[in-house]
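A structural walkthrough
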Number of protein chains: 2
Amino acid sequence: MRCDVLAVGTELLLGQIIDSNSAWMGEQLAAHGIDSLLQVKVGDNVGRIVAQLERLLVDADAVIICGGLGPTHDDLTRDAIAAVMDTRLEPDEAVAEVIREMFASRGRRMPDNNLRQAMVPVGARIIPQTRGTAPGLICPVTIDGPEGPEERIVFAVPGVPHEMRDMFERAILPELQLRSGEPWVIASRTLRTWGESESGLNERLDAVIAELDDVGNPTLAFLASGWEGLKVRLTAKATDLRACDVLLDEWEQRVRNEVGDVVFGVEQGGDPVTMESVVLDLLRSRGWSLGLAESVTGGLVGARITGVPGASEVFRGSIVSYATEVKQSVLDVPPGPVVSEAAALAMAHGARRVLAADVGLALTGVAGPTEQDGQPVGTLCIGLVWPDGELTQTVRLPGQREQMRQFSVITSLDLLRRTLA
Amino acid sequence: MRCDVLAVGTELLLGQIIDSNSAWMGEQLAAHGIDSLLQVKVGDNVGRIVAQLERLLVDADAVIICGGLGPTHDDLTRDAIAAVMDTRLEPDEAVAEVIREMFASRGRRMPDNNLRQAMVPVGARIIPQTRGTAPGLICPVTIDGPEGPEERIVFAVPGVPHEMRDMFERAILPELQLRSGEPWVIASRTLRTWGESESGLNERLDAVIAELDDVGNPTLAFLASGWEGLKVRLTAKATDLRACDVLLDEWEQRVRNEVGDVVFGVEQGGDPVTMESVVLDLLRSRGWSLGLAESVTGGLVGARITGVPGASEVFRGSIVSYATEVKQSVLDVPPGPVVSEAAALAMAHGARRVLAADVGLALTGVAGPTEQDGQPVGTLCIGLVWPDGELTQTVRLPGQREQMRQFSVITSLDLLRRTLA
């Protein structure tokens, strides 16, 4: 089974947006045993979209077109597909109704051009929209093969990543797996780690990796993912999911034997296991509430934590004390350098008191561009107070302003995790 | 002049690496008036590389192949180019010597396979390597056109971004400009907007777009960019940058005449003009400080604001009052529904008082998954207090939890912007 990708959008060719969608789809397709041998970027031009689509359909069983489904004059994917299907576009009343309701629910008038998104090539099926206004399309195409007509399938999805991913997982992947009829299934399990470099992990896992290279199944890959952690992904291939799990169980244990100390979560399908979700679960299991005091991160820790549904059971709030006077007036931080373990500890006590929380976690540091209190850019001081103890830690983090701030979030939450565990 | 791009590497198709090289090249080419109409990713397979290269050379005057120049068995770009040139590879002693010296200078033994990088198609010129071990290639190709043979040019550069960029600027761009002999340059100007849907903007700009379609220069495109705002990009082509600016000035004004009310910033090269940077500049110009009270966003507004270097001159801090008791105890919010304009206003007053700020901005709402205080998911109540006034606003925002929270950030900051402006 081969499924190529056609990314549509002049902004992609102009480099104003980097096409990460086709890479994501390529990874998903590979993980499910489907080849993706060509991925093409083309601009908002019907003639060129049609030409590329027809070319890809010669060798590929399926093609996913990503982008160009919006309501505006330069959204031309629907027209191109209709041309390749040699059919016409017709309005789909059900789709139009969904779009009207979407605007109505926001109390906004719907500009008429939104109905362009309800135009569907005759013979195509809809992938219902759940997040945006444009539905996806599943379009059967017949091409002239060397030995007569051949069946192909074209999928169209919006270029907005979360809409694309939703439709890919909900409709495209199942359809492709159904058609591929592959005898075996593939399952991936990801161990999320924090506290060890990629090369360090690689070194500690040398023997395991060498063994995996011999057996060939499962495979192991490292994925550096910023403040999502450094991921170690095991991918197993077998005749059914249970057999995959047996393999994954065995090798997850092998990996844990070497680097278990830095593993904070495990994912296999389902929701991502983020550092903040792990910390919230640990706090919930202890019946402890959390209060934050943030300076260098400006609210980023609270923002991440409240990104997890149900955080309100545990999370009280955060005192973002960016100005020194606020640290002193609201959190009772004593005079002195504010980038210090003493200040961080005082902030943690202040957060615990002001927010009436069981646990107080505080961050103060230097994100740059310039040093502060004689501390270099990258310095992070963490203060942590819980019902039966307290501690502080100073670390030096790499990266520019935003990366340093993001690493500060996961590093401080990891300290809390290790303390609770 | 048209120059397409062929990115080589199976890891690109598998999504292990995102191809940002072709986007960078596309931006550079456009900035110099050279079209790049197709950008293709292909794996490490000679047959497919050759097939794609030959296809691209039909319509493009030049093709840049990026990647596959390394020393290992799966670096096949040289072989593919030789096949397309219908010639053979010969060792280049000068290149080999440079590679040997590079290893010697690092006191390292040179694995023999490095000499593969000294193999050059007969008839090709070298782009000397200054950073890596693999040189780039400039390869004249003759293809069979409809009216007989036609001249094309193929450039090959390593996939390592800094090596690619160095060779692109040093050798490829000058060669392309020489060959294109085109006298004109291209400049883009982006207007960032908030408060109108993409389809709404499109409708309000119908007449302008129709006129632009006639004149053909500048071009106009919409880029929906989440909480970065909805971008309207004008791209002008002229004999020099000043002439571009004249065109852009004229049409920016035409666009502003129609939708100026929702434009919050303008970019033309240089740093991005984000909503938070605009708001910080407005506050700075008034000498006013800012204090926040966040609930639904959990700290996201403060995090965005403190992402701007120099925010500390204006930003005092944020009271992230996620728990209802914190709203009451820290911000003196009276009992009653917390997702309401009354609560938002009380929070704004509380933030202003507790943080000793001139301006207090507060957000309370429902990000989901379930409704709250009888308010549906997507509800955002904003409270704003400044030295000579106060106001509240309730809006309904689209999207899932994270998108709703992000839209809450830019929507509340836009209300502050409009109030200050």
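In this text the structure is predicted, and so the values were computed from the model without any measurement. (Residues numbered from 1 in each chain as written. Chains lettered and ligands numbered in written order. Predicted model: local features only at pLDDT ≥ 70, side-chain atom pairs only at ≥ 80, totals over all residues. Heavy atoms only, no water.)

All names here are of chain B. Considering only enclosed or pocket space, the second largest pocket measures out at about 470 Å³ in volume. Forming the walls of the second largest pocket are 28 residues, and the residues nearest its centre are Glu11, Gly67, Pro158, Gly159 and Val160. Of all the elements in the fold, those that place two or more residues in the lining of the second largest pocket are strand E1 (3-8), helix H1 (10-13) and helix H6 (161-180). Class assignment of the residues belonging to the lining of the second largest pocket gives a composition of 12 nonpolar, 10 polar and six charged. (1 Å grid on protein atoms, 1.4 Å probe; cavity = no way out; pocket = protein on both sides within 12 Å on 5 of 7 lines; lining within 4 Å. Points joined across faces, edges and corners; volume = space filled by probe spheres on them. Helix = DSSP H or I, 4+ residues; strand = E, 2+ residues; numbered from the N terminus. Nonpolar A, V, L, I, M, F, W, Y, C, P; charged D, E, K, R; others polar.)

Glycine aside, the phi torsion of most residues is negative, and most peptide linkages are trans. Backbone torsion omega between Gly368 of chain A and Pro369 of chain A reads 10°, so that peptide bond is classified as cis. Residues Asn217 of chain B and Pro218 of chain B are joined by a peptide bond in cis, for which omega reads 5°. In this fold, Pro218 of chain B is placed in the loop between helix H8 (206-215) and strand E10 (219-224). Backbone geometry at Asp86 of chain A places phi at a positive 55°, although glycine is not the residue there.

Backbone-to-backbone hydrogen bonds join strands into a sheet, with any given pair of strands oriented parallel or antiparallel. Read from one edge to the other, the open sheet built from 10 strands follows the order E17(A)-E16(A)-E15(A)-E13(A)-E14(A)-E14(B)-E13(B)-E15(B)-E16(B)-E17(B), with strand pairing classed as mixed. On the outer flanks of this sheet lie strand E17 (389-396) of chain A together with strand E17 (389-396) of chain B, each paired with one strand and no other. The sheet shows a mean angle of 10° between the axes of neighbouring strands, direction not considered. Here eight bridges tie strand E16 (residues 379-386) of chain A to E17 of chain A, and the two strands are oriented antiparallel to one another. Paired with Leu384 of chain A across the bridge in E17 of chain A is Leu391 of chain A. Contacting strand E13 (290-294), strand E14 (315-321), strand E15 (359-365), strand E16 (379-386) and E17 of chain B, helix H13 (residues 341-354) of chain B runs over the sheet at an angle of about 40° to E16 of chain B. (Pairing = 2+ DSSP bridges. Axes fitted to C-alpha atoms, helices over the stretch in contact; angles between N-to-C directions. Contact = heavy atoms within 4.5 Å.)

Residue and element names in this part refer to chain B. Two elements in contact, helix H3 (residues 46-59) and helix H4 (residues 77-85), have axes separated by 9 Å at closest approach and are oriented at 50°. Taken together, the axes of H3 and H4 are oblique relative to one another. Considering how the two elements wind past one another, H3 and H4 form a crossing that is right-handed. Taken together, the residues of H4 that come into contact with H3 (itself represented by Val46, Ile49, Val50, Leu53, Glu54 and Leu57) are Ala80, Ile81, Ala83 and Val84. In the contact of H3 with H4, the residues fall into nine nonpolar, no polar and one charged. (Parallel < 35°, antiparallel > 145°, perpendicular 65-115°, else oblique. Left-handed = near helix turned anticlockwise from the far one by under 90°.)

Counting residues at the interface gives 72 residues for chain B and 72 residues for chain A. The junction of chain B with chain A conceals about 5,600 Å² of combined surface from both sides, 55% of it contributed by carbon and sulfur atoms. The interface formed by chain B and chain A holds three salt bridges in total. One salt bridge connects Glu325 of chain A with Arg316 of chain B, and the closest N-O pair in it is separated by 2.5 Å. At seven residues, the largest contribution of residues to the side of chain B that touches chain A is made by E14 of chain B. Looking at the side of chain B that touches chain A, its residues break down into 31 nonpolar, 25 polar and 16 charged. The pairing of strand E14 (residues 315-321) of chain A with E14 of chain B spans five bridges and is classified as antiparallel. Note that in E14 of chain B the partner of Ile319 of chain A across the bridge is Ile319 of chain B. (Buried area = accessible area lost by both parts, 1.4 Å probe. Salt bridge = Lys/Arg side-chain N within 4 Å of Asp/Glu carboxyl O.)

Let us now look at the domain arrangement of chain A. Residues and elements named next belong to chain A. According to the domain assignment, chain A consists of domain 1 (3-180), domain 2 (185-267) and domain 3 (275-420). The straight-line distance from the C-alpha centre of domain 2 to that of domain 3 is 31 Å. Each partner contributes residues to the interface: domain 2 has nine residues there, and domain 3 has 12 residues. Between domain 2 and domain 3, a total of about 1,000 Å² is buried, with carbon and sulfur atoms accounting for 61% of that surface. When the area that domain 2 buries against domain 3 is broken down by residue, the three leading residues are Trp194, Trp227 and Phe264, summing to 79%. When the shortest N-O distance is used, the salt bridge between Glu228 and Arg304 registers 2.9 Å. Here domain 2 and domain 3 share three residue pairs in polar contact (both at pLDDT 80 or more) between them. (Domains from an automatic or database assignment. Polar contact = N/O pair within 3.5 Å; in protein donor to acceptor, adjacent residues only side chain to side chain.)

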